[in-house]
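# Survey of secondary and tertiary structure
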Amino acid sequence: MTSTGSLVAGRPAAVREVPDPAIEATDLVKRYGDVVAVDGVSLRVPRATIFAYLGRNGSGKTTTVRMLTMLSVPSAGTARVAGYDVRDAARVRACIGVTMQEAALDPAMTAVEHLRLVAGLSGLRSRQARAVAAELLDSFGLAEAATRRIGTFSGGMQRRLDIATALIGGPPVLFLDEPTTGLDPQSRRALWAHIRTLRQQGTTVFLTTQYLEEADELADRVAVIDQGRVIAEDTPQGLKARFGRTRMVLDHDGDLDRLRTALPGRNVAGGGPGRSVVLLDPDTASGSEGAQVLSVLEQVRAAGIEIGALSVSPPSLEDAYLRLTGSAITTGQDQLADPEAGL
Amino acid sequence: MRDLLTGTLLTFARQARQAARDPGPFYVLPMLPAQLMTVVFIALFERIATLDRFGDTGYAEFLVPGVVVLVALLGAGATSSSLAADLRGGFFLRLRLLRSPIGAQLSGRLLFEAVRLLPGTAVVLAVGLAFGAQARNGLAGILVVMALVALLGVAFTGIFYAVAIRTRDPQTPFTLQPLGLPLAFLSTALVPLAVMPQWARTLAQLNPVTVVVDGSREAMLGQLWSAELGWSVAVLAAWTVLGVLLARAALARDMARS
């Protein structure tokens, strides 16, 4: 992907400004028969920010997006997007761009045909549609593949085209449902750069993800959803501070049981052969983190355990997520070990 | 209204591009059964016209304005395939999010259904004329018959859309193709009511295709603007409305389930 100055292709002046918050949901509920997919979600997404909606598969992320984009009618609750009630479909449609979890493309069309069709159906006139299609193909590094059928594209190319499609009309509010799933690390980082550019240009981005690193890197605020409920919402730093723990990783000559005996009252887990992880207590009553590190080292030395190497990691979003939900997200790419599993 | 019109034309153009890349199912297949029957039936059953109950016309004259409706009955609904594929592949979700009314996805395809049947209809009529059919109202009569076939294709396609939306199966045109056989054979497309057994005559009289065939036959062999033609247009309009309502209901149900 190449970077461009403008990604707000074809944005009409009338929809540039949206009220703050750009997205507001109150007690949203979605039931499918007896199954409650979303159970009373309330959110406020400030204008021109990136809001990450973090949760594992089946937690209710996509269902929330579908309700906020009028693809699904809420069973209860209300929501406003860009200042309009989501039941006012025509007005909301004019203000949003959406990518779904699966790329929404017709494999039989070429990329340029696809973009021109969507631009036309979005209300752009033919000449404008052609210009927007060319700009987006260029922006997303697809210009050379413009006349190839989408069915011949790689997964990453299809994802890029799908996101380019969502930008037609320059929507001030963008919903990206797991946009980087299936992308290689390079493409993922390039897409992050695009999303940051969009925020700088005033776009509000609602991003669902199951990648902790993605939420940490991109988001201004993060909401953690689990079993249909938002269980925490804060800045990434706030979540880490509230729910994360500093880790000490020790390479030592003793076994895990000896270390646990030497550190009564501390959370100690195995981290591989000859390696252990000690989670520091976030409660300041236990002393500052520096004081706790020194205390641990003194207790270990007093027990006669030799330390070969030591590293200290600040709290991560991963730690915070684990403490909030009690289990790891398993995506195949960000498979997280639970440091407290052995505690 | 402007958005619906623009959406209809863009959807029509998308279908036309798809058909240009794969013309077989859209242009060639619809005319093959009617073409085959025109040649074979005239050769095999020409003497049926000597029956007392048959009437004054020769069999080729009688057959061609009737058999030509098989272009629609056995060739309609090809665009339901892309509708099902859009729903199955998720592209339809994207289309639902756009400014253009979702009804344009149906109207654009229906318009293309009408247009794509015209070449096959023209070929069947041309071959029929070469084999002894008559066009007593000249080109005007032929154009009226072509219009009736196109409208029949539109009317018949509604049920294809309803099923394609329900099943999301791109094979829907092939699955439903046999539906056209009883509609064709239990009508006056191939033989007059007078030579049918009583049970078949009863069914043929209830069959809306009989009304369309009577209008077609009248346009080629009798008066160009006849009561039969008026009835044909009325029946096709009602059939189209019913088909579109069925498709819209299937679509509304599909959207409500999400």
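Below or above, wherever it landed, is the structure these notes cover.

The subject of this paragraph is the interface of chain A and chain B. Listed per partner, the contact involves 32 residues of chain A and 22 residues of chain B. Between chain A and chain B, the buried area comes to about 2300 Å², and carbon and sulfur atoms account for 56% of it. Of all residues in chain A, A:Leu71, A:Arg93 and A:Leu121 bury the most surface against chain B, accounting for 29% of the area lost on that side. At the surface where chain A touches chain B, the tally comes to four salt bridges. The interface formed by chain A and chain B holds nine residue pairs in polar contact (both at pLDDT 80 or more) in total. Broken down by secondary-structure element, the contributors of at least two residues to the side of chain A that touches chain B are β1 (23-32), β6 (96-99), α3 (111-121) and α5 (155-166) of chain A. Sorting elements by how many residues they give to the side of chain A that touches chain B places α3(A) first, with six residues. For the side of chain A that touches chain B, the per-class residue count stands at 15 nonpolar, nine polar and eight charged.

This structure, assessed with the given rule, holds 25 salt bridges over all chains. A:Arg91 is paired through a salt bridge with A:Asp88; the nearest N and O atoms lie 3.2 Å apart. Take A:Arg91: its relative accessible area is 46%, and that puts it in the partly exposed class. Assessed through its relative accessible area of 30%, A:Asp88 is described here as partly exposed. Within the structure, one salt-bridge network assembled from shared partners comprises A:Asp106, B:Arg14, B:Asp86 and B:Arg109.

Moving on to the side chain of B:Glu113. Residue and element names in this part refer to chain B. On the secondary structure map, Glu113 appears in helix α8 (residues 103-130). We classify Glu113 as buried; its relative accessible area is 0%. Among the polar contacts made by the side chain of Glu113, one reaches the main-chain amide nitrogen of Gly77 at a distance of 3.2 Å. Residues contacting Glu113, with those up to four places away along its chain left out, are Ala76, Gly77, Ala78, Thr79, Thr157 and Tyr161.

So, on to the pairing of β1(A). Residues and elements named next belong to chain A. Bridge count for β1 against strand β4 (residues 76-81) is five bridges, and the pairing is antiparallel. Residue pairing in the sheet places Glu24 in a bridge with Arg80 of β4. Note that β1 and strand β2 (residues 35-45) share eight bridges and pair antiparallel. Residue pairing for β2: Leu28 is matched across the bridge by Val41.

Residue and element names in this part refer to chain A. Strand order in the open sheet formed by six strands is β6-β7-β8-β3-β9-β10, with mixed pairing between adjacent strands. At either margin of the open sheet sits one strand with a lone partner, and together these are β6 and β10 (229-234). Along the sheet, successive strands turn relative to each other by an average axial angle of 15°, direction set aside. Relative to strand β9 (residues 221-226), strand β3 (residues 50-54) is paired through four bridges, and the arrangement is parallel.

Definitions and limits used
- Residues numbered from 1 in each chain as written.
- Chains lettered and ligands numbered in written order.
- Predicted model: local features only at pLDDT ≥ 70, side-chain atom pairs only at ≥ 80, totals over all residues.
- Heavy atoms only, no water.
- Contact = heavy atoms within 4.5 Å.
- Buried area = accessible area lost by both parts, 1.4 Å probe.
- Salt bridge = Lys/Arg side-chain N within 4 Å of Asp/Glu carboxyl O.
- Polar contact = N/O pair within 3.5 Å; in protein donor to acceptor, adjacent residues only side chain to side chain.
- Helix = DSSP H or I, 4+ residues; strand = E, 2+ residues; numbered from the N terminus.
- Nonpolar A, V, L, I, M, F, W, Y, C, P; charged D, E, K, R; others polar.
- Buried < 20%, exposed > 50% of the residue type's maximum accessible area, 1.4 Å probe, protein only.
- Pairing = 2+ DSSP bridges.
- Axes fitted to C-alpha atoms, helices over the stretch in contact; angles between N-to-C directions.

No statement about biological role is implied by the geometric values presented.
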